[in-house]
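# Coordinate inspection notes
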Amino acid sequence: MKKIALLLNVLLVATICVAQKQTYKFDFSSDKKVKEGYLKVTPQTLFNNEQGYGYDLQPAWDGKSNEPFFFSVNVPDGNYKVTVVIGSKNEPSSTTVRGESRRLFIENLSTKKGELKTETFTINKRNIKISGKERVRIKSREKNKLNWDDKLTLEFNGESPRLNSLIIEPVENVPTVYLCGNSTVVDYDNEPWGAWGQMIPRFFTDKVCIANHAESGLSANTFISGNRLKKIMSQIKKGDYLLVEFGHNDQKQKQPGTGAYFSFVYNLKIFIDEARAKGANPVLVTPTCRRRFDKEGKSVNTHGEYPDAIRWVAQKENVPLIELNGMTTMLCDALGVDGSMKLYVHYPAGTFPGQTREFKDNSHFSTYGAYETAKCVVEGMKKAKLDIANYLRADYKGFNPAQPDKFETFKWNLCPFTEIEKPDGN
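The protein chain appears in an unreviewed UniProt entry as Rhamnogalacturonan acetylesterase from Bacteroides difficilis. Note on the protein chain: under the UniProt heading Sequence similarities (unreviewed entry), the record states "Belongs to the 'GDSL' lipolytic enzyme family."

Structure, rendered in structure tokens:
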């Protein structure tokens, strides 16, 4: 019996290993002949756990519709290289690709009739499991987030999205950038909310993977106590990066022992020590500014001593620093009192389904503001001389927050899902 049990255990381990190494190839083309080694996808290929892949969340794509569609595949935790062939033999197309909780990867890719373009990116997939019975203690509002389920979900959007083929293959040899933070960093599933963590993957090639573990309302200590850092430490490897941005919610803590130069710096040191123990590279990020101006129309610091405390820890611990507070302040000043409203969630009532009240939020970003802020972070990475800055996409031309992109030129394809509830934190 012991030999049988041992054999079954070996077979189970072997099966898991095979599953972890599995590569999926899907043929979405209108060709009757299926590409060799590919699985044919038709409008009847709907997701279910038994099959493990298929159209999900929205109606299946019929190959002609211009409506956004989603495709999911059950895969284990890890990083995956995704190869998409975009375009159509019959018509021109314009396609945007996002993954999991609205992470942006391919932006408004246009093709001519008969033209096919191949693009690749690397995406991180995770669930709440750590080891044994240990789990990440996610909030109730996170339980339906695509970031935390067992599926890898891709969204194909745009004026006329067209997908010819899709390959998903596991990769382990790329540096992973783990993001720790709050609502200014998090991946949002729903419109109209945005944060820099979900925009920044768009600017990197498939030689870098972004794993965003941020969540709304968190502070440095609640990120740790919720087992989120422990989840990261269970996956992080030598040469990876740990980017840490807190301050918004930490500054509201008034209990004994809290404060910028007390519990806050102590907790930042935990992030640094944990990353270094794994051979990873900690990076501190000062918090994004809130939209607030003085009588002269200049941005006002609302974070008190917290940005300075982060700078002090970075210098003391010899940790790279991304001066995001300064760059987003510059961004707000460049756009002015009125123009800076475009960076944040300011929309009249009725702009989105179920929105009965005006959105007037000066902390949480619109998708445009999130996009511009992500560019600030990229510039911070370049200034800090992080090695990952060598893997920016060729179409990234640099960015000066004092000269932001015009709002009118920003083109964002709305996803089908909206949320009128304000994110946690402020």
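Quick look at the overall build of the protein chain now. When helices and strands are tallied, the protein chain shows eight helices and 19 strands. Relative to the 2.2 N^0.38 estimate, which gives 22 Å for 426 residues, the radius of gyration of the protein chain is 22 Å and therefore close to what a compact globule would have. In terms of its C-alpha atoms, the protein chain occupies a principal-axis envelope of roughly 65 × 60 × 40 Å. Counting only residues that meet the buried cut, the protein chain has 54% of its 426 residues in that class. A total of about 19400 Å² of accessible surface is found on the protein chain, and carbon and sulfur atoms cover 52% of it.

Another aspect to go through is the packing of aromatic side chains. Scanning the model with the defined rule gives 25 aromatic pairs in all. Between F223 and F271, the aromatic rings sit 5.7 Å apart at their centres with planes inclined by 50°, giving tilted as the arrangement. Remark: F271 occurs in helix 5 (residues 260-277) and F223 occurs in helix 3 (residues 220-225); sequence separation between them is 48 residues. Assigned by exposure class, F223 and F271 land together as buried. Looking at K35, its charged tip hangs above the ring of Y38, at a distance of 5.6 Å from the centre. Lying over the aromatic face of F47, K151 brings its terminal NZ or CZ to 4.9 Å of the ring centre.

Its place among the elements puts S131 in strand 9 (residues 129-131). Residues S131 and S234, spaced 103 residues apart in sequence, show a C-alpha to C-alpha distance of 8.2 Å.

Another point: the side chain of T373. With respect to the secondary-structure elements, T373 resides in helix 8 (residues 367-383). Assessed through its relative accessible area of 0%, T373 is described here as buried.

Below, the discussion takes up the layout of surface pockets. Its volume calculated, the second largest pocket comes out at about 370 Å³. For the second largest pocket, the lining is made up of 20 residues, of which F28, S29, S30, W61 and G63 are closest to its centre. Split into classes, the residues belonging to the lining of the second largest pocket amount to six nonpolar, eight polar and six charged.

This part is about the sheet that holds strand 11 (residues 151-160). Here we have five strands laid out as an open sheet, ordered 3-4-11-6-7, and antiparallel in their pairing. Of all strands in the sheet, those bounded by a partner on one side alone are strand 3 (53-56) and strand 7 (103-111). Between one strand and the next, the sheet's axes are offset by a mean angle of 20°, whatever the strand orientation. As paired elements, strand 4 (residues 69-74) and strand 11 share six bridges and run antiparallel to each other. Looking across to strand 11, one finds that F71 is bridged to L154.

Our next topic: the nonpolar core. In terms of nonpolar packing, the biggest core is built from 48 residues, with W196, I200, F204, L243, I322 and M381 touching the most fellow members. Mapped onto this core, the elements with two or more residues apiece are strand 13 (176-180), helix 2 (196-199), strand 15 (241-245), strand 16 (281-285), helix 7 (324-339), strand 18 (344-347), strand 19 (359-365) and helix 8. The element contributing the most residues to this core is helix 8, with eight residues. In terms of nonpolar packing, the next biggest core, distinct from the first, is built from 28 residues, Y178, L242, F264 and L284 among them.

With that out of the way, let us pick up the packing of helix 5 against helix 6 (residues 306-317). In the contact formed by helix 5 and helix 6, the axes pass within 10 Å of each other and the chain directions differ by 40°. One finds that helix 5 runs oblique with respect to helix 6. Crossing of helix 5 against helix 6: the hand is right-handed. Each of A260, Y261, F264, V265, L268, K269, I272 and R276 in helix 5 lies in contact with helix 6, whose residues at this interface are Y306, D308, A309, I310, W312, V313 and E317. Tallied by class, residues from the contact of helix 5 with helix 6 come to eleven nonpolar, no polar and four charged.

Right, let's talk about the UniProt feature "domain: SGNH hydrolase-type esterase" (unreviewed entry) in the protein chain for a bit. The feature "domain: SGNH hydrolase-type esterase" (unreviewed entry), as given by UniProt, occupies residues 181-326 in the numbering adopted here. With 34% helix and 11% strand, residues 181-326 has end C-alpha atoms that lie 17 Å from one another.

A separate point is the pattern of salt bridges. Applying the stated criterion across every chain yields a total of 31 salt bridges. Linking E119 and R393 is a salt bridge whose minimum nitrogen-to-oxygen distance equals 3.5 Å. Residue E119 is located in strand 8 (residues 116-125), and its partner R393 is located in the segment after helix 8; the two are separated by 274 residues in the primary sequence. The same class applies to E119 as to R393, namely buried. Taking the shortest distance from any N to any O, the salt bridge between R311 and E323 comes out at 2.6 Å. In this pair, R311 is assigned in helix 6 and E323 in the loop between strand 17 (321-322) and helix 7, connecting sequence segments twelve residues apart. One network of salt bridges, with partners in common, ties together E107, E119, R202, R393 and D395.

On to the side chain of N413, then. Within the secondary structure, N413 sits in the segment after helix 8. Only 3.0 Å separates the side chain of N413 from the side chain of T96, close enough to count as a polar contact. Apart from the residues lying within four places of it in its own chain, the contact partners of N413 are T96, R98, N108, N157, G158, E159 and E191.

Here the focus is the pairing of strand 5 (residues 78-87). Of all ten residues in strand 5, eight are buried, a share of seventy percent or more. The pairing of strand 5 with strand 8 spans ten bridges and is classified as antiparallel. Its bridge partner being in strand 8, T83 is matched across the sheet by T120.

The rules behind these values
- Residues numbered from 1 in each chain as written.
- Predicted model: local features only at pLDDT ≥ 70, side-chain atom pairs only at ≥ 80, totals over all residues.
- Heavy atoms only, no water.
- UniProt positions renumbered as here; feature names shortened; annotations may be inferred.
- Helix = DSSP H or I, 4+ residues; strand = E, 2+ residues; numbered from the N terminus.
- Rg over C-alpha atoms; globule rule 2.2 N^0.38 Å.
- Buried < 20%, exposed > 50% of the residue type's maximum accessible area, 1.4 Å probe, protein only.
- Areas by Shrake-Rupley, 256 points an atom, 1.4 Å probe, with all protein chains shown as cover.
- Phe/Tyr/Trp six-rings, centres within 6.5 Å; stacked < 30°, edge-to-face > 60°.
- Lys NZ or Arg CZ within 6 Å of the ring centre and 35° of its normal.
- 1 Å grid on protein atoms, 1.4 Å probe; cavity = no way out; pocket = protein on both sides within 12 Å on 5 of 7 lines; lining within 4 Å.
- Points joined across faces, edges and corners; volume = space filled by probe spheres on them.
- Nonpolar A, V, L, I, M, F, W, Y, C, P; charged D, E, K, R; others polar.
- Pairing = 2+ DSSP bridges.
- Axes fitted to C-alpha atoms, helices over the stretch in contact; angles between N-to-C directions.
- Core = buried A, V, L, I, M, F, W, Y, C linked by side-chain atoms within 4.5 Å.
- Parallel < 35°, antiparallel > 145°, perpendicular 65-115°, else oblique.
- Left-handed = near helix turned anticlockwise from the far one by under 90°.
- Contact = heavy atoms within 4.5 Å.
- Salt bridge = Lys/Arg side-chain N within 4 Å of Asp/Glu carboxyl O.
- Polar contact = N/O pair within 3.5 Å; in protein donor to acceptor, adjacent residues only side chain to side chain.

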